[in-house]
Amino acid sequence: MSAAPEYELDEQYNYPVPPPGGWTADDLDRLPDLPPHTELIDGSLVFVSLQTRFHSRTMRLLDNALLAQAPDQLDVFREFCIRLDKRNRPEPDVLVVPLGVDTGPKDTWLRPEDVILAIEVVSEDSEARDRDVKPRKYATAGVPHFWRVEKSNGLPVVYVYELDPATGAYTPTGIYHDRIKVSVPFPIDIDLTAINKRR
């Protein structure tokens with residue numbers, strides 16, 4: 001296990017100072033030396049904490065299971081940005097998208113209309129964002145399916161939401177312990193107790 005990096009900041013260290021009106025989605029591709037997985041929420045840079053073992057293994061479980069079960073016309077991405085609008089570019093932990101989505105030569109973000117399912121695995125420092133801020137933003141942008149994953153007794157619990165086209169908001173459709181079995185956005189059956197299995 002590696003220790004967290006130690007940063008010694010002297011008086012010459014230049015903190016990123018936002019321009020008037022805040023940062024934009026395009027700034028994430030231009031700002032030098034940003035930590036990995038930096039997100040943009042409402043024009044502010046959000047730096048994520050180091051990943052826990054639970055977080056990493058939950059992402060691996062979901063990524064592998066979804067990739068194995070997705071129809072041939074779908075693909076699965078891990079930790080990839082969605083450009084929701086000019087001031088918001090979050091990075092869900094796992095995404096399901098159409099195979100071959102193309103955002104241009106740099107390929108650093110997806111359009112919300114290309115995202116079928118966005119999944120956030122909640123961390124201690126991301127509770128408010130993952131439970132409230134991001135779901136509202138994903139729904140407003142039209143992402144049809146959202147899963148929030150929380151830890152309970154060492155295992156993932158999946159909270160499943162579907163976009164209600166009449167209200168433009170997410171409607172909860174189920175809470176899954178031990179196993180998630182759903183028919184949308186495609187037939188999915190995942191043994192959540194397999195989080196610690198390598199295969």
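Draft legend 1. Layout of the overall build of the protein. Along the protein, the regular secondary structure elements total two helices and twelve strands. Listed N to C, the secondary structure of the protein is β-β-α-β-β-β-β-β-α-β-β-β-β-β in terms of helices and strands. For the protein, the C-alpha radius of gyration of 17 Å lies close to 16 Å, the compact-globule estimate for 199 residues. Projected onto the principal axes, the alpha-carbon positions of the protein cover approximately 55 × 40 × 30 Å. The burial tally for the protein puts 42% of its 199 residues in the buried class. Sequence separation of at least 24 residues holds for 51% of the intrachain contacts in the protein that already meet a minimum separation of 6. Accessible area of the protein: about 11,500 Å², with a carbon and sulfur share of 50%. Between the mean site of the 23 positive side-chain charges and the mean site of the 33 negative ones, the protein shows a separation of 4 Å.

Draft legend 2. Local environment of the pattern of salt bridges. Under the defined criterion, the tally for this structure stands at 14 salt bridges. With its nearest N and O atoms 2.6 Å apart, the salt bridge here joins Arg 83 to Asp 26. Of the two residues, Arg 83 is situated in the loop between strand 4 (81–82) and strand 5 (94–98) and Asp 26 in the segment before strand 1 (39–41); the sequence distance between them amounts to 57 residues. Take Arg 83: its relative accessible area is 22%, and that puts it in the partly exposed class. Judged by relative accessible area, Asp 26 falls into the partly exposed class, the value being 31%. Taken together, the shared-partner salt bridges connect Glu 39, Glu 120, Asp 130 and Lys 134 into one network.

Draft legend 3. Spatial organisation of the pairing of strand 11 (residues 179–182). Here strand 11 shows a clear split, with Ile 180 and Val 182 buried on one side and none of Arg 179 and Lys 181 buried on the other. Inspection of the sheet shows strand 11 paired to strand 12 (residues 188–191) by four bridges, in the antiparallel sense. Of the residues in strand 12, the one forming a bridge with Lys 181 is Asp 189.

Draft legend 4. Structural context of helix 2 (residues 127–141). Look at helix 2: 21 Å from first C-alpha to last across 15 residues, which is about the 21 Å you get at 1.5 Å a residue. If you look at helix 2, its biggest bend is around 35 degrees, right at Lys 134, and the proline Pro 135 turns up within four residues after that. Regarding helix 2, the residues found buried are Arg 129, Asp 130, Val 133, Lys 134, Pro 135, Lys 137, Tyr 138 and Ala 139. At the C-terminal side of helix 2, Gly 142 shows a positive phi close to 95 degrees.

Draft legend 5. Focus on the packing of aromatic side chains. A full pass over the atoms with the stated rule returns five aromatic pairs. Centre to centre, the rings of Phe 146 and Tyr 161 are 5.9 Å apart; their planes meet at 35 degrees, and the pair counts as tilted. Of the two residues, Phe 146 sits in strand 8 (residues 145–152) while Tyr 161 sits in strand 9 (residues 155–164), which places them 15 residues apart along the sequence. When its relative accessible area of 1% is taken as the criterion, Phe 146 is described as buried. Their ring planes at 20 degrees and their centres at 5.7 Å tell us that Phe 146 and Tyr 170 sit as a pair that is stacked. Of this pair, Phe 146 sits in strand 8 while Tyr 170 sits in strand 10 (residues 169–177); the two residues are 24 residues apart in sequence, bridging distant segments of the chain. We note that Phe 146, like Tyr 170, is buried. Ring pairing ties together the aromatic residues Tyr 138, Phe 146, Tyr 161 and Tyr 170, which thus form one cluster.

Reading the values: the criteria
Residues numbered from 1 in each chain as written. Predicted model: local features only at pLDDT ≥ 70, side-chain atom pairs only at ≥ 80, totals over all residues. Heavy atoms only, no water. Helix = DSSP H or I, 4+ residues; strand = E, 2+ residues; numbered from the N terminus. Rg over C-alpha atoms; globule rule 2.2 N^0.38 Å. Buried < 20%, exposed > 50% of the residue type's maximum accessible area, 1.4 Å probe, protein only. Contact = heavy atoms within 4.5 Å. Areas by Shrake-Rupley, 256 points an atom, 1.4 Å probe, with all protein chains shown as cover. Lys, Arg positive; Asp, Glu negative; His and termini not counted. Charge placed at Lys NZ, Arg CZ, Asp CG, Glu CD. Salt bridge = Lys/Arg side-chain N within 4 Å of Asp/Glu carboxyl O. Pairing = 2+ DSSP bridges. Expected span 1.5 Å × (residues − 1). Bend = angle between axes of the 7 residues up to and from the residue. Phe/Tyr/Trp six-rings, centres within 6.5 Å; stacked < 30°, edge-to-face > 60°.

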